[in-house]
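# Architecture and fold: a report
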Amino acid sequence: MRGFLRRQPCAVRHMGGCDGPVEAAHVRYSDAAAGSVNPGMQRRNHDRHCNPLCHHHHQHDQHKRNERAFWAAAGLDAYASAAQYYAEYQGVSSNREG
């Protein structure tokens with residue numbers, strides 16, 4: 001899954017400022033509606049809860065500021081977006097918007 005994501009464009013490229021290779025960015029906040037609970041400090045979420053982000057957006061925006069605020073500013077539901085990438089990875093759907 002992570003290799004698949006690294007081959008995708010940055011999910012927030014519409015914000016500009018992309019720099020560096022694309023990385024698999026695990027969503028870290030809990031969202032009961034998405035059925036995901038943050039696994040805790042120093043542990044990452046399941047790979048199905050990842051989005052492709054360039055190095056800059058991953059390390060300097062997602063990880064260094066409020067993550068919910070970052071995704072809101074990007075205009076994306078991080079869990080819904082990750083679910084679309086996961087479905088595409090599994091070959092279930094290739095109709096991802098963006």
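Worth saying up front: this structure is predicted, and the values here are computed from it rather than measured.

### Some details on the overall build of the protein
A tally of helices and strands in the protein yields four helices and two strands. For the protein, the succession of helices and strands along the chain, N to C, is α-β-β-α-α-α. Within the protein, the proportion of its 98 residues that are buried is 39%. Accessible area of the protein: about 5700 Å², with a carbon and sulfur share of 47%.

### What to know about the nonpolar core
Grouped together as the largest cluster of nonpolar side chains are 19 residues, with contacts concentrated most on Leu 5, Val 12, Tyr 29, Leu 53, Trp 71 and Tyr 85. Those elements that place two or more of their residues in this core are helix H1 (2-6), strand E1 (22-26), strand E2 (50-54), helix H3 (67-74) and helix H4 (78-89). If near-sequence neighbours (up to four positions away) are discounted, Val 12 is found in contact with Leu 53, His 57, Phe 70, Trp 71, Ala 74 and Leu 76.

### Observations regarding the side chain of Asn 51
Checked against the element boundaries, Asn 51 lands in strand E2. Engagement of the side chain of Asn 51 in a polar contact is seen with the backbone oxygen of Ala 78, the distance being 3.0 Å. Every residue in contact with Asn 51, bar those within four places of it in the chain, is listed here: Leu 5, Glu 23, Ala 24, Ala 25, Val 27, Trp 71, Ala 78, Ser 81, Ala 82 and Tyr 85.

### Quick notes on the side chain of Asp 61
Looking at the element boundaries, Asp 61 is found in helix H2 (residues 55-62). One buried charge, Asp 61, has no salt-bridge partner; the nearest side chain with opposite charge is Arg 65, at 4.4 Å. Apart from residues no more than four positions distant in its own chain, Asp 61 is found in contact with His 56 and Phe 70.

### Some points on the packing of H2 against H3
Where H2 meets H3, the closest approach of the two axes is 10 Å, and the angle between their N-to-C directions is 135 degrees. Compared by their axis directions, H2 and H3 come out oblique. Packed against H2, whose contacting residues are His 57, Asp 61 and Gln 62, the element H3 presents Glu 67, Phe 70 and Trp 71 at the interface. Of the residues that constitute the contact of H2 with H3, the class distribution is two nonpolar, two polar and two charged.

### Comments concerning the pairing of E1
With five of five residues buried, E1 is to be regarded as a mostly interior element. The side-chain alternation of E1 yields two buried faces, one formed by Val 22, Ala 24 and His 26 and the other by Glu 23 and Ala 25. Judged from the five bridges that link them, E1 and E2 form a sheet pairing that is antiparallel. Bridge pairing in E2 links Ala 24 to Pro 52.

### Brief notes about the pairing of E2
Most of E2 sits inside the fold, with five of its five residues counted as buried. Residue alternation in E2 divides its side chains into two sets, Cys 50, Pro 52 and Cys 54 and Asn 51 and Leu 53, and both sets are buried.

Parameters at a glance
Residues numbered from 1 in each chain as written. Predicted model: local features only at pLDDT ≥ 70, side-chain atom pairs only at ≥ 80, totals over all residues. Heavy atoms only, no water. Helix = DSSP H or I, 4+ residues; strand = E, 2+ residues; numbered from the N terminus. Buried < 20%, exposed > 50% of the residue type's maximum accessible area, 1.4 Å probe, protein only. Areas by Shrake-Rupley, 256 points an atom, 1.4 Å probe, with all protein chains shown as cover. Core = buried A, V, L, I, M, F, W, Y, C linked by side-chain atoms within 4.5 Å. Contact = heavy atoms within 4.5 Å. Polar contact = N/O pair within 3.5 Å; in protein donor to acceptor, adjacent residues only side chain to side chain. Lys, Arg positive; Asp, Glu negative; His and termini not counted. Salt bridge = Lys/Arg side-chain N within 4 Å of Asp/Glu carboxyl O. Axes fitted to C-alpha atoms, helices over the stretch in contact; angles between N-to-C directions. Parallel < 35°, antiparallel > 145°, perpendicular 65-115°, else oblique. Nonpolar A, V, L, I, M, F, W, Y, C, P; charged D, E, K, R; others polar. Pairing = 2+ DSSP bridges.

As far as function goes, none of this settles anything; it's purely spatial.
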